[in-house]
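One letter stands for each residue in the lines below.
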Amino acid sequence: MRVEKGVMVALGYGKYFRSDHIVGLEPIEDGRGSGQRTRVYLEQHASPIVASRSEGTILRDLVNTPKEVTQAQEQQQLLCDILDTLSDINPMLRSIIRDQGQWDIDKLEARLRAVLQEA
C-alpha cells in the first residue's frame, strides 16, 4: 500500500486533514455511532480528532487500496464483532432463543467461525 502524500482526507462533518499529517486511526468501540466512529491521530496534536467516518473509509482515502478490499476488511471485522457478541450469550438465554425463536445461536456461531477461518 502506498499512502497518497499531501491529499486532503475527509473525516466527516467538514473536517479535512492532509494525509501526510495523519499518523494513526483507531476505531471507537464504546459509544460508536453517528458522528463518532474513529479517532484520528495527527502529527503535532496531543489528542486525537474524532471522525464521523469509519476507519476503513478513511484508510481507503489514504492509500491506493481498492474499495472492495477495504469493504471486505470491514465486513470481516463486523463478523468478528458479531461472533464476540454471540459468544457472550449465556446458555439459558441461548436455550430460550432456540426454543422460542427457532434460531440456533450455537449453529450460527460455528458457521461464523468457519467463515472467518476461511478468510
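Residues numbered from 1 in each chain as written. Predicted model: local features only at pLDDT ≥ 70, side-chain atom pairs only at ≥ 80, totals over all residues. Heavy atoms only, no water.

1. Looking at a nonpolar patch on the surface
Thought 1: Residues Met92, Leu93 and Ile96 make up a contiguous nonpolar surface patch of roughly 290 Å² in combined accessible area.
Thought 2: Relative to the elements of secondary structure, Leu93 occurs in helix 3 (residues 91-101).
Thought 3: Residue class for Leu93 comes out partly exposed when judged on its relative accessible area of 38%. (Patch = residues over 30% accessible without salt bridge, like charges linked within 9 Å, V, L, I, M, F, W, Y side chains within 5 Å. Areas by Shrake-Rupley, 256 points an atom, 1.4 Å probe, with all protein chains shown as cover. Salt bridge = Lys/Arg side-chain N within 4 Å of Asp/Glu carboxyl O. Helix = DSSP H or I, 4+ residues; strand = E, 2+ residues; numbered from the N terminus. Buried < 20%, exposed > 50% of the residue type's maximum accessible area, 1.4 Å probe, protein only.)

2. Some thoughts on the domain arrangement of the chain
Thought 1: Splitting the chain by domain gives domain 1 (8-63) and domain 2 (67-118).
Thought 2: Measuring from the centre of the C-alpha atoms in domain 1 to the corresponding centre in domain 2 gives 28 Å.
Thought 3: At the junction of the two partners, domain 1 supplies 4 residues and domain 2 supplies 4 residues.
Thought 4: Roughly 370 Å² is buried in total at the junction of domain 1 and domain 2, and carbon and sulfur atoms are behind 48% of that figure.
Thought 5: Between the two partners, domain 1 and domain 2, sit 0 salt bridges.
Thought 6: Between the two partners, domain 1 and domain 2, sit 0 residue pairs in polar contact (both at pLDDT 80 or more). (Domains from an automatic or database assignment. Contact = heavy atoms within 4.5 Å. Buried area = accessible area lost by both parts, 1.4 Å probe. Polar contact = N/O pair within 3.5 Å; in protein donor to acceptor, adjacent residues only side chain to side chain.)

3. Topic: the nonpolar core
Across soluble globular proteins, you tend to see nonpolar side chains buried next to one another.
Thought 1: One finds Val9, Leu11, Ile22, Val40, Leu42, Ile49, Ala51, Ile58, Leu62 and Val63 forming the largest nonpolar core, which totals 10 residues.
Thought 2: Contact partners of Ile22, with chain neighbours within four places excluded, come to Val9, Phe17, Val40, Tyr41, Leu42 and Leu62.
Thought 3: Leu83, Leu86, Leu112 and Leu116 belong to the second-largest nonpolar core, a separate cluster that totals 6 residues. (Core = buried A, V, L, I, M, F, W, Y, C linked by side-chain atoms within 4.5 Å.)

4. Quick notes on the sheet that holds strand 5 (residues 49-51)
Two pairing modes exist for strands in a sheet, parallel and antiparallel, and in both the strands are linked by backbone hydrogen bonds.
Thought 1: Ordered by their spatial adjacency, 3 strands build an open sheet running 3-4-5, and the pairing between neighbours is antiparallel. In this open sheet, the two edge strands, each paired with only one partner strand, are strand 3 (22-27) and strand 5. Direction aside, neighbouring strands of the sheet carry axes that sit 30 degrees apart on average.
Thought 2: Where strand 3 meets strand 4 (residues 38-42), 5 bridges bridge the pair, whose relative direction is antiparallel. Within strand 4, the position partnered with Glu26 by the bridge is Arg39.
Thought 3: In the packing of helix 1 (residues 55-62) onto the sheet, the strands contacted are strand 3, strand 4 and strand 5, and the crossing angle to strand 3 comes to about 155 degrees. (Pairing = 2+ DSSP bridges. Axes fitted to C-alpha atoms, helices over the stretch in contact; angles between N-to-C directions.)

5. Focus on the pairing of strand 2 (residues 15-18)
Thought 1: With 4 bridges connecting them, strand 1 (residues 8-12) and strand 2 associate as antiparallel partners. Counterpart to Gly12 in the pairing with strand 2 is Lys15.
Thought 2: The loop that links strand 1 with its antiparallel partner strand 2 comprises 2 residues; one of these, Tyr13, has a positive phi angle of about 50 degrees.

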